Amino acid sequence: MNILLTGGTGYIASHTAVVLIKEGHKVVLFDNLANSDISVLDRLEKILNKKISFIEGDVLDSELLSKTLKEHKIDAVIHFAGLKAVGESVENPLHYYENNVGGSISLIKAMQKNGIKKIVFSSSCTVYGEPQYLPLDESHPTNPINPYGFTKLFAENILHDLSISDPTWSIAVLRYFNPVGAHESGLIGESPKGIPNNLMPFIAKVATGELKSLKVFGNDYKTRDGTCERDYIHVMDLAEGHLAGLNFLEDHKGWYAINLGTGQSTTVLELLQAFEKINHVKIPYEIVGRRKGDAPACYAKPSYANKILDWKTKRSIELMCESSWKWESSHSI
Ligand SMILES: NC(=O)c1ccc[n+]([C@@H]2O[C@H](COP(=O)([O-])OP(=O)(O)OC[C@H]3O[C@@H](n4cnc5c(N)ncnc54)[C@H](O)[C@@H]3O)[C@@H](O)[C@H]2O)c1
């Protein structure tokens, strides 16, 4: 298949490109480089020993998208492009709605114009909001608690309405839990601009000495060791989930919301200790007060994905920590 990856030079898309190309698919990356670097292309070419097609552009530019879809004879799209910083979305909600919701509409219109009706959408467990029960399954009510989460839910709903108005669309809405880790080569990985919002890149930057110490927000939750529990998923497992999603859409029409997680929870301190142990480094940390909006625990029930996508996560927390460190230590030292 010819597959367009919007947000193609970003963290999850670049790893997905590796999996898709290795599987024999043709991939076109489309990105405005708002949160990624053009050097990803060289790194991908090193891993794959192949030239990578890249278009620099904004998903709000429906004309350019349409031209790209046509010229590259695209069969399916994975829509990764989006802004993802929760705090920034609270400070600048219009920018987030415009980029994430407006960008999705612009893409869907371009697809419609070209008769392309297969899309995998990057959604998030954030759409569930504060968990009412655990593990989170796909029928858990959706109730985001910040603008970023709402942009994901709105885009999900737009795609759902589209599938009702035109049942010939095939749509997989993948709700990711907490993607971490990097490709085994250490050539690509997560490289957030500025101070990382997520735990693993933060830990990795403390390990390099770039940041002094990790702030652990609260150790008085009702969890195994008092710190928050999350469902960390290796980005390569997640990438393989996209391939499974595309395969599923080959012979399924309609709209499907699917959790991609491991079903296992790991606390902040457990992740930190695993990172220290596997990588033989010390991570100084301090316990500070709870952070507003943090749920004590959040983890997936992945059985729907296991069943309909015939996909399961394979990689351990240790491998997540090891690959993150390989990536971080090779590009920042
Ligand atoms: N990483 C996570 O923790 C996580 C969790 C759940 C969902 N997601 C979603 O998965 C997707 C990919 O996330 P990621 O972690 O790879 O983030 P990322 O920031 O590394 O990748 C997103 C890419 O989209 C690009 N982009 C943003 N707006 C664009 C626009 N208007 N036009 C063209 N390109 C644009 C950015 O430049 C970036 O390269 C996002 O939609 C994100 O919301 C991420």
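To keep things clear, this report deals only with the structure shown in the data block. (Residues numbered from 1 in each chain as written. Predicted model: local features only at pLDDT ≥ 70, side-chain atom pairs only at ≥ 80, totals over all residues. Heavy atoms only, no water.)

## Points about unusual backbone geometry
Basically, it comes down to this: Counting from the N terminus, the helices are DSSP H or I runs at least four residues long and the strands are E runs at least two residues long. Whether a residue is buried, partly exposed or exposed follows from its accessible area with a 1.4 Å probe, protein chains only, as a fraction of its type maximum: under 20%, in between, or over 50%, in that order.
At the junction of Leu134 and Pro135, the peptide bond is cis and its omega measures out at -5° in the coordinates. Looking at the secondary structure, you find Pro135 in the loop between strand 5 (118–124) and helix 6 (147–165). Its identity is not glycine, yet Lys73 carries a phi of approximately 45°, on the positive side. Of the residues examined, Lys73 reaches a relative accessible area of 62% and is grouped as exposed. If you check the backbone angles, Asp310 has positive phi at about 55° while not being a glycine. Structurally, the position occupied by Asp310 is in the loop between helix 10 (303–308) and helix 11 (317–332). Classification of Asp310 by relative accessible area gives exposed; the value is 71%.

## A closer look at the side chain of Glu229
Rules: By the criterion applied in these results, polar contacts are pairs of N or O atoms within 3.5 Å in which, for protein atoms, one can donate a hydrogen and the other can accept it, and in which residues neighboring in sequence qualify only through two side-chain atoms. For this analysis, residues touch if any pair of their heavy atoms sits within 4.5 Å.
Relative to the helices and strands, Glu229 resides in strand 9 (residues 229–230). A residue is classified by how much of its surface remains accessible, and Glu229, at 8% relative accessible area, is buried. A distance of 2.9 Å separates a polar atom in the side chain of Glu229 from a polar atom in the side chain of Ser265. Among residues more than four places away in sequence, those in contact with Glu229 are Thr223, Arg224, Ser265, Thr266, Thr267, Pro296, Ala297, Cys298 and Tyr299.

## Let's talk about the packing of aromatic side chains
As a reminder, the rule being used: By convention, a stacked pair of Phe, Tyr or Trp rings (six-membered ring in the case of Trp) has centres within 6.5 Å and planes under 30 degrees apart, an edge-to-face pair has planes over 60 apart, and any other such pair is tilted.
Throughout the structure, instances matching the rule amount to 4 aromatic pairs. With a centroid separation of 5.8 Å and 45° between ring planes, the pair formed by Phe150 and Phe154 is classed as tilted. With a gap of 4 residues between them, Phe150 and Phe154 both fall in helix 6, about one helical turn apart. Plain terms: the ring middles of Phe248 and Tyr256 are 4.8 Å apart, the flat faces sit at 85° to each other, and that makes the pair edge-to-face. Judged by its relative accessible area of 6%, Phe248 falls in the buried class.

## Structural notes on the side chain of Ser106
Here Ser106 is to be found in helix 5 (residues 93–113). Among residues more than four places away in sequence, those in contact with Ser106 are Val59, Leu60, Asp61, Ser62 and Leu65.

## Digging into helix 7 (residues 199–208)
Taken across its 10 residues, helix 7 has 9 buried, putting it largely inside the fold. Those residues of helix 7 that sit buried are Leu199, Met200, Pro201, Phe202, Ile203, Ala204, Lys205, Val206 and Ala207. Among the residues trailing helix 7, Gly209 stands out with phi positive, at a value near 95°.

## Focus on the site of the ligand
Put simply, the test is: Near, as used in this document, describes a residue that has one of its heavy atoms within 4 Å of the molecule or strand being considered. Only the protein chains shown count as cover for residues, and all accessible areas are computed by the Shrake-Rupley method using a 1.4 Å probe.
Near the ligand you find 27 residues, and of these Asp31, Asn35, Ser36, Lys84 and Tyr148 are the closest. Here an oxygen atom of the ligand and a backbone polar atom of Ile12 are 2.8 Å apart. At 2.7 Å, a side-chain N or O of Lys84 approaches an oxygen atom of the ligand. A total of 810 Å² of accessible area belongs to the ligand in isolation, and the protein chains cover 96% of it. Among the secondary structure elements, those contributing two or more residues to the shell around the ligand are helix 1 (11–22), strand 5 and helix 6. Counting residues per element, the shell around the ligand draws most heavily on strand 5, which supplies 3 residues.

## A short note on the sheet that holds strand 11 (residues 254–260)
Each strand in a sheet pairs with another by means of backbone hydrogen bonds, the pair being arranged parallel or else antiparallel. Keep this limit in mind: Pairing between strands is defined by DSSP: at least two bridges between the two strands are required. Every axis corresponds to a line fitted to the C-alpha atoms, with the helix fit spanning only the stretch in contact, and the corresponding angles, defined between N-to-C directions, vary from 0 to 180 degrees.
Taking strand neighbours across the sheet as the criterion, the 7 strands line up as 3-2-1-4-5-6-11 in an open arrangement whose pairing is parallel. Either end of the sheet is taken by a strand with one partner, and the two such strands are strand 3 (53–56) and strand 11. Going across the sheet, the axis of each strand differs from the next one's by a mean of 20°, ignoring polarity. One ladder, built from 7 bridges, connects strand 5 with strand 6 (residues 170–176); its direction is parallel. Within strand 6, the position partnered with Phe121 by the bridge is Val173. This element, helix 6, spans strand 5, strand 6 and strand 11 of the sheet and lies at about 155° to strand 5.

## Describing the sheet that holds strand 9
Ordered in space as 12-9-14, the 3 strands form an open sheet in which the pairing is mixed. Every other strand in the sheet has two partners, leaving strand 12 (266–267) and strand 14 (297–298) as the edge strands with one partner each. Sheet topology places strand 9 next to strand 12; 2 bridges connect them, and they run antiparallel. From the neighbouring strand, Glu229 faces strand 12, where its bridge partner is Thr267.

## Structural notes on the packing of helix 3 (residues 62–71) against helix 5
Helix packing for two helices is described by the angle between their axes and how far apart those axes are. Threshold: Between 65 and 115 degrees an angle is taken as roughly perpendicular, under 35 as roughly parallel, over 145 as roughly antiparallel, and anywhere else as oblique. Crossing chirality is assigned from the near helix's rotation relative to the far helix, an anticlockwise turn below a right angle marking it left-handed and a clockwise turn marking it right-handed. Residue classes follow a fixed rule: Ala, Val, Leu, Ile, Met, Phe, Trp, Tyr, Cys and Pro count as nonpolar, while Asp, Glu, Lys and Arg count as charged, and any other residue, Gly among them, counts as polar.
Running from N to C, helix 3 and helix 5 cross one another at 40°; their axes reach a closest spacing of 9 Å. Classified by the angle between their axes, helix 3 and helix 5 sit oblique to one another. Every pair of crossing elements has a handedness; the one defined by helix 3 and helix 5 is right-handed. Contact residues: helix 3 offers Ser62, Glu63, Leu65, Ser66 and Leu69, while helix 5 offers Ser106, Leu107, Lys109, Ala110, Met111 and Lys113. Here the residues of the contact of helix 3 with helix 5 sort into 5 nonpolar, 3 polar and 3 charged.

## Structural notes on the nonpolar core
For clarity, the threshold we go by: Among buried residues, those of type Ala, Val, Leu, Ile, Met, Phe, Trp, Tyr and Cys that are joined through side-chain atoms within 4.5 Å constitute a nonpolar core.
Within the largest apolar cluster, 42 residues are counted, with the highest numbers of intra-cluster contacts made by Leu5, Leu20, Leu29, Ile78, Leu260 and Leu309. Going through the elements one at a time, strand 1 (2–6), helix 1, strand 2 (26–31), helix 2 (39–48), strand 4 (76–79), strand 6, helix 8 (235–250) and strand 11 are the ones with two or more residues in this core. Ranked by residues supplied to this core, first place goes to helix 8 with 9 residues. Sequence-distant contacts of Leu260, that is, excluding residues within four places in its chain, are made with Leu174, Arg175, Tyr176, Phe177, Ile233, Leu238, Gly241, Ala305, Leu309 and Trp311.

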